[in-house]
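# Fold and geometry: a report
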Amino acid sequence: MGRRLAVCAALGFTTITGNASADAIDDLPPGSWYEIPNSHMRDVCPPDAPGYEYSFYCANVIGAWGGAALDTTRGRLLVWGGGHGDYKGNELYAFDFHALTWTRIWGPTPDAQIPSGGTHEVYDDGNPGSRHTYSGLSYVPAPVDAFVTMGGSLWQSGSAAQGTWFFSFGDMAWTRRADHSSDGYGDPTVYDPVTAHLWRRTNREMTEYDPVADSYTDRFESNGGFWKANVSAALDPDARLMVIVGEGELDEYNLDTDAYTVNVTIAGSTPAGLLDAAPGIAFDSMQKRFVLWNGGADVYTYDPATKMFEVHSTMGATPPAITASGGTFGRFRYVPSRNVFGVVTNADENVFVLRMSEGQGEPLPGTGGAGGSTTSVTGAGGATSSGAAGGAGANPSEDSDCGCHMIGRGPQSWYWLALSANIVVCLLCRRRQSRVRGWR
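Residue indices follow the written sequence of each chain, beginning from 1 at its first position. Note on the predicted model: pLDDT of at least 70 is required for a residue's local features to be given, and 80 or more for side-chain atom pairs to be given and counted; whole-chain, interface and lining totals, by contrast, use all residues. As a rule here, side-chain values come from all non-hydrogen atoms in the structure, and water together with hydrogens is ignored.

### Description of the overall build of the protein chain
What counts, and what does not: Per the convention used, a helix needs a DSSP run of H or I reaching at least four residues, while a strand needs a run of E reaching at least two, with both numbered from the N terminus. Only protein chains enter the calculation, and the probe is 1.4 Å; a residue is then buried if its accessible area is under 20% of its type maximum, exposed if over 50%, and partly exposed in between. Whether two residues are in contact is decided by their heavy atoms, any of which lying within 4.5 Å being enough. All accessible areas in this document rest on Shrake-Rupley with a 1.4 Å probe, and a residue is counted as covered only by the protein chains that are shown.
What the protein chain contains, in helices and strands, is four helices and 31 strands. Counting across all 440 residues of the protein chain, residues that qualify as buried make up 52%. At a minimum sequence separation of 6, the contacts of the protein chain that also span at least 24 residues come to 58%. Working note: accessible area of the protein chain is about 17,500 Å², and carbon and sulfur atoms make up 52% of it.

If you want it as structure tokens, here you go:
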């Protein structure tokens, strides 16, 4: 990319990129972890109220069976949790993998409107009650563009939540959608980009949820119940395969055939402790493989074709051990816009990222409004500025790393010579980007 920038600068071009300004993640080599400095979630926790220390108990958003989802439109990890007897706040947090900062983007409900005692699916202000979220959090892209929560263990009784809740980024507000009963509370959920539906394993069956029609369809029925809450899940959308891991086993479910395999027989050995609780699992859409992490430096890949795990050693910073109740859940996610895996383990620990293959990621999709993807313009001297995609100067049709834009276009012959050179440079850049080399 550096050579391309030099050529563009020499020809009098600026470079328009679909991602945020350059940072240490851009130069992260394959097989390396990076600890993002000053990235503690607690720094944006709510202020204390009379009689309740939000700034202290907010750590249980992560620490008490807390999950997360990845906002693929904006490149953000969305964290929401608390619940039962651990935390009553229902605020929503986001870590931006481009700005490298935390934001509390909504809430919490005013303290006076949070009831005490009993079961509270909804608080007095009409917003969802706090809950352990496990692996029940998802993000659905446009046209829905919403963070979705299903299941969980409610403040304050710990009863299983029945509501399906959307937080819409269009109006920055919560809406309660169709309820769906479940005998449990740790229901793993994945988003399927092929159907634009959510797939949820409740205790009694696999269900398919249509977020536009707001309707559930029961699919595979459990014979006797799953009864496993401390699990994580990921989906290979091309193979139509959902993999669920935790509490000592690995399950597979085919979305097309409804074939469900409980406790898959692993060929070879299973890494010690990897499946004991809920490890992090994510599907790498660039390398087309499942990646698991359960604390520390090493990561693992799982191949459904061979039913085998493979361990991968790493270099760089070493992430901490998992201390949150139940495991990692959805707080380990692949971030396509940066080509890294991101994870948060604790409100007082920094966010860590891991790169497993070459490339800086795919450009963020334009959202056409505030809070959407960022567009950075690199000018003379490498200075950068950023703004919301879809606003003045944004060009979401340009490729992130291969779009050169001409300054002072005109009929002069030098323009056509420079334009031809630019096309050659960009074609070579795209060819390089298409060659993704894996890492072991």
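Picking up after the structure, the text goes on.
### Looking at the sheet that holds strand E4 (residues 76–80)
Quick reminder of the rule: Paired strands, as defined in this entry, are two strands with at least two bridges between them according to DSSP. Fitted lines through C-alpha atoms serve as axes, helices being fitted only where they are in contact, and the angles separating the N-to-C directions of these axes extend from 0 to 180 degrees.
Across the sheet, four strands lie side by side as E3-E4-E5-E6; this open sheet has antiparallel pairing. Here the strands that pair on one side only, and so sit at the sheet edges, are strand E3 (67–71) and strand E6 (101–106). With direction set aside, neighbouring strand axes in the sheet form an average angle of 30°. In this structure, E4 lies alongside strand E5 (residues 92–96), joined through four bridges in antiparallel fashion. Across the sheet, residue Leu77 finds its bridge partner in E5, namely Phe95.

### Points about the state of the cysteines
Where we set the bar: Note on disulfides: each one is a pair of cysteine sulfur atoms within 2.5 Å.
In this structure the tally under the stated criterion is one disulfide. The residue that forms a disulfide with Cys45 is Cys58, at a sulfur-sulfur distance of 2.1 Å. Residues Cys45 and Cys58 are joined through a disulfide that is right-handed, its torsion about the S-S bond being 95°. In this pair, Cys45 sits in the loop between strand E2 (32–35) and helix H2 (54–57) while Cys58 sits in the loop between H2 and helix H3 (60–63), placing the two residues 13 residues apart along the sequence. Judged by relative accessible area, Cys45 falls into the buried class, the value being 10%. Overall, Cys58 belongs to the buried group, its relative accessible area being 0%.

### Focus: the nonpolar core
Counted only if it meets this: Residues grouped as a nonpolar core are buried Ala, Val, Leu, Ile, Met, Phe, Trp, Tyr and Cys residues, joined through side-chain atoms within 4.5 Å.
Membership of the largest hydrophobic core comes to 31 residues, with the highest contact counts inside it found for Met41, Val79, Tyr93, Phe95, Phe97 and Trp102. Elements supplying a minimum of two residues to this core: H3, E3, E4 and E5. Those residues in contact with Phe95, other than ones at most four positions away along the chain, are Ile36, Ser39, Gly75, Arg76, Leu77, Leu100, Thr101, Trp102 and Val351. One finds Ile266, Leu274, Ile281 and Phe290 within the second-largest nonpolar core, a separate group that totals 16 residues.

### With respect to the sheet that holds strand E27 (residues 340–343)
One open sheet holds the five strands; their spatial order is E25-E2-E28-E27-E26, and the pairing between them is mixed. Each edge of the open sheet carries a strand with a single partner, namely strand E25 (315–316) and strand E26 (332–335). Sheet analysis places E26 next to E27, joined by four bridges and oriented antiparallel. Across the sheet, residue Tyr334 finds its bridge partner in E27, namely Phe341.

### Some words on the packing of aromatic side chains
The cut-off we apply is this: For Phe, Tyr and Trp, rings pair up if their centres lie within 6.5 Å, where Trp contributes its six-membered ring, and each pair is then called stacked (planes under 30 degrees apart), edge-to-face (over 60) or tilted (otherwise).
All chains considered together, the criterion is met by 28 aromatic pairs. Both rings, one in Tyr253 and one in Tyr260, keep their centres 5.9 Å apart while their planes meet at 40°; by these two values the pair is tilted. Since its relative accessible area comes to 12%, Tyr260 is described here as buried. Between Phe332 and Phe341, the ring centres sit 5.4 Å apart and the planes meet at 10°, which makes this aromatic pair stacked.

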